[in-house]
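Fold and contact review
Listed below, chain by chain, are the residues.
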Amino acid sequence: MLSAVRVVSLLLLLVLGGVWAYAWATRAPGEGVAEAFAGRIGRLFGAEMPVPSAGGVQLAQGVSLGGPFNLTDHTGRAVTERDFAGRWMLVYFGFTYCPDVCPTELGTMAAALDAMGPAGEAVVPVLITVDPERDGPAQLADYVSRFHPRLVGLTGTPEQVADAARRYRVYYAKARRSEMTDYLVDHSGFTYLVGPDSRVRTPFRPGTSPEAMAAAVSAQLANRSAATR
Ligand code: NI
């Protein structure tokens, strides 16, 4: 005899299988099956699924990232989000010992700002370290100067960094590779466009091109000036 749990599990599997087939059949050109499946499941449960935009990812309704932080900049000055209030920021969480992803993403951020020309000067590029033990102000100062003359490096106590990361839903964790004496830090690699109210407007996936990032940031800035006109 089938128990209720088995029946429910079986029904759930059938529904999920059905949705998968439906997603496969109705996915947009270029859309992966998994992506389409997530979208259909989201719709099934009434969730507002993020709609991908040019170079960026739309935040779901009601999701608010960013906000207050207490950190120290690469000149050793204590700073909070209020020091950046009224300004746009591009924020990336990473660390100076990162062998590949961080340099690539910071290079993208710098190239995007440069591609925007004078309009790019309205945006403050920011690196928040997820490795505060090794990334003190002096270490950050040397590192940020390699990417962009205006790039601001932020560090803090492990608690301050953890608090900032939590507000951006950034994951990070120390990782030891057996063949290495030093540790690495695994971390999520999104770049965040932050509005003048310290809230994230657009998260950019790692691997976004400088052109796509520049276009999306320019569009947000133009939106903003149209709204305040
Ligand atoms: Ni990295």
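The UniProt entry for the protein chain carries the following comment under Sequence similarities (unreviewed entry): "Belongs to the SCO1/2 family."

1. Points about the coordination of the nickel ion
The protein atoms donating to the nickel ion are Cys98 (SG), Cys102 (SG) and His187 (NE2), with metal-donor distances spanning 2.1 to 2.2 Å. Donor residues for the nickel ion, ordered by position in the chain, follow C-x3-C-x84-H. Of this pair, cysteine 98 sits in the loop between β5 (88–94) and α3 (101–115) while histidine 187 sits in strand β9 (residues 183–187), and the two are 89 residues apart along the sequence. Across this residue pair, the class does not change: cysteine 98 and histidine 187 are buried.

2. Side note on the sheet that holds strand β7 (residues 152–155)
Taken together, the seven strands give an open sheet; going across it, the order is β4-β3-β7-β6-β5-β10-β11, and neighbouring strands pair in mixed fashion. Two strands lie at the open edges of the sheet, namely β4 (78–80) and β11 (200–204), each paired on one side alone. Across this sheet, the average inter-strand angle for adjacent strands is 35°, counted without regard to direction. Where β5 lies against strand β10 (residues 191–194), four bridges are found, and the strand directions are antiparallel. In the strand pairing of β10, leucine 90 is matched with leucine 193. Those strands touched by α3 are β5, β6 (123–129) and β10, and its axis lies near 170° from that of β5. Along the sheet, helix α5 (residues 158–167) contacts β3 (70–73), β5, β6 and β7; its crossing angle with β3, the most-contacted strand, is approximately 110°.

3. Section: the pattern of salt bridges
Applying the stated criterion across every chain yields a total of nine salt bridges. Here arginine 77 makes a salt bridge to aspartate 83, at a shortest N to O gap of 4.0 Å. Under the relative-accessibility criterion, arginine 77 is labelled partly exposed at 46%. A salt bridge links lysine 174 to glutamate 133, with the shortest nitrogen-to-oxygen separation between them at 2.9 Å.

4. Observations regarding α5
Within the sequence span of α5, burial applies to Val161, Ala164 and Ala165. Along the long axis of α5, the arc covered by the buried residues comes to 100°, so they all point the same way. Exposed side chains of α5 directed beyond 90 degrees from the buried face belong to Glu159 and Arg166. Looking at the buried positions of α5, the neighbouring elements they touch are β3, β5, β6, β7 and β8 (172–176). Backbone geometry just downstream of α5 places arginine 169 in the positive-phi region, at approximately 55°.

The rules behind these values
Residues numbered from 1 in each chain as written. Predicted model: local features only at pLDDT ≥ 70, side-chain atom pairs only at ≥ 80, totals over all residues. Heavy atoms only, no water. UniProt positions renumbered as here; feature names shortened; annotations may be inferred. Donors = N, O, S within 2.8 Å, 3.2 Å for Na, K, Ca; no water. Helix = DSSP H or I, 4+ residues; strand = E, 2+ residues; numbered from the N terminus. Buried < 20%, exposed > 50% of the residue type's maximum accessible area, 1.4 Å probe, protein only. Pairing = 2+ DSSP bridges. Axes fitted to C-alpha atoms, helices over the stretch in contact; angles between N-to-C directions. Contact = heavy atoms within 4.5 Å. Salt bridge = Lys/Arg side-chain N within 4 Å of Asp/Glu carboxyl O. Arc of directions from axis to C-beta.

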